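What follows is each chain in one-letter form.
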Amino acid sequence: MMTLTIGLVALMVLADAASDILVARAMKQIGEVTSFRPRALVGTLARMFRSPSFTAGIGAAAIHFFTFLALLSFVGLSTVFPATALVYVVATAGAQLILKEHVSLRRWAGVSLVCTGMILVSMT
Amino acid sequence: MKTLLFLAVAVAAQAAGNICLSLGMRHLAAAFNADSGDWIALAGLALTSPWLWAGAALLATFTLLFTLVLSWTDLSLALPVISVEIVVNVGLAGWLLGESVSPLHWLGTLLVAAGVALVVGTARDKAPVQEGQPA
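Residues numbered from 1 in each chain as written. Chains lettered and ligands numbered in written order. Predicted model: local features only at pLDDT ≥ 70, side-chain atom pairs only at ≥ 80, totals over all residues. Heavy atoms only, no water.

Draft legend 1. Quick peek at helix α6 (residues 103–120) of chain B. Compared with an ideal rise of 1.5 Å per residue, which puts 18 residues at 26 Å, α6 of chain B spans 26 Å between its outermost C-alpha atoms and is within 8% of the ideal. Buried residues of α6 of chain B: G108, T109, V112, G115, V116 and V119 of chain B, and no others. Across the axial projection of α6 of chain B, the buried residues extend over an arc of 125 degrees, all falling on one side. Summarising the geometry of α6 of chain B, the exposed residues directed more than 90 degrees from the buried face are P103 and L110 of chain B. Taken together, the buried residues of α6 of chain B touch α6 (105–122) of chain A together with α4 (75–82) and α5 (85–95) of chain B. (Helix = DSSP H or I, 4+ residues; strand = E, 2+ residues; numbered from the N terminus. Expected span 1.5 Å × (residues − 1). Buried < 20%, exposed > 50% of the residue type's maximum accessible area, 1.4 Å probe, protein only. Arc of directions from axis to C-beta. Contact = heavy atoms within 4.5 Å.)

Below is the structure:
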């Protein structure tokens, strides 16, 4: 049971981070949104849903959601919820390695504090 | 500045959405008799709850704003910044919903706030220029 829990937690965190990274990649490919008029926003939404990265991101978000539900069926929220904070570290590493973002040491320090704080908040 | 403004509105929408959902579910629990087992009535109550509709609309607004921000800023900046929502949520849960907030929760929110402040301070960071690349 322990191995299954660790495996599902890893899948949940990876799927959540993958969702963020894929959506970010899709939005970079679409280009900066500069007009917020309804017609322009509808056009942006249409381009988003035609982007393979964006739809893959939605798929990864669905995997994250159902893995989260599956975990809740046999371990408590107090076990699952702190683990979700790991997504900040994993997504930042993905942004640096896959999206080639420049992540300074100061930003890493901030991300680490956020992750630690989220773990404390989610502990019951 | 534009990034932080959009993220601030997104965080406000998410926090307000969570409060609306929380209030909606409390009203639902008070109005529904679980012993009756009438789940269709429960679905009817949920679908006609203005709190739940407002919560869903606010969370959809959050998702849209966050996605739009990703079109011009780094994920490694936007993602930690939106975690400030937890600070707002813990504050609002204690103040508006009357929930008790433990010292551990306050310590966690303090760390999140400090982390977000550090990350926001890097908003103007640029990648170091590599040799052979134009500055």
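Draft legend 2. Highlighting the interface of chain A and chain B. Across the boundary between the two partners, chain A contributes 38 residues, which contact 38 residues of chain B. Roughly 3100 Å² is buried in total at the junction of chain A and chain B, and carbon and sulfur atoms are behind 74% of that figure. When the area that chain A buries against chain B is broken down by residue, the three leading residues are H102, R107 and V121 of chain A, summing to 21%. Across the chain A-chain B interface, the total number found is two salt bridges. A salt bridge links E32 of chain A to K2 of chain B; its shortest N-O distance comes to 3.0 Å. Taken together, the links from chain A to chain B amount to 10 residue pairs in polar contact (both at pLDDT 80 or more). Every element with two or more residues in the side of chain A that touches chain B is listed here: α1 (2–30), α2 (38–50), α5 (87–97) and α6 of chain A. Ranked by residues supplied to the side of chain A that touches chain B, first place goes to α6 of chain A with 12 residues. Of the residues in the side of chain A that touches chain B, the class split is 24 nonpolar, eight polar and six charged. (Buried area = accessible area lost by both parts, 1.4 Å probe. Salt bridge = Lys/Arg side-chain N within 4 Å of Asp/Glu carboxyl O. Polar contact = N/O pair within 3.5 Å; in protein donor to acceptor, adjacent residues only side chain to side chain. Nonpolar A, V, L, I, M, F, W, Y, C, P; charged D, E, K, R; others polar.)

Draft legend 3. Up close: unusual backbone geometry. Phi at K100 of chain A is positive, roughly 60 degrees, even though this residue is not glycine. Relative to the helices and strands, K100 of chain A is located in the loop between α5 and α6.

Draft legend 4. Expanded view of the nonpolar core. Counting 44 residues, the largest nonpolar core has F66, L70 and L75 of chain B as the members making the most contacts within it. Not counting residues within four places of it along the chain, the set of residues in contact with L70 of chain B comprises V23, A24, M27 and K28 of chain A together with L75 and A78 of chain B. L8, F68, L71 and A83 of chain A belong to the second largest nonpolar core, which has nine residues in total. (Core = buried A, V, L, I, M, F, W, Y, C linked by side-chain atoms within 4.5 Å.)

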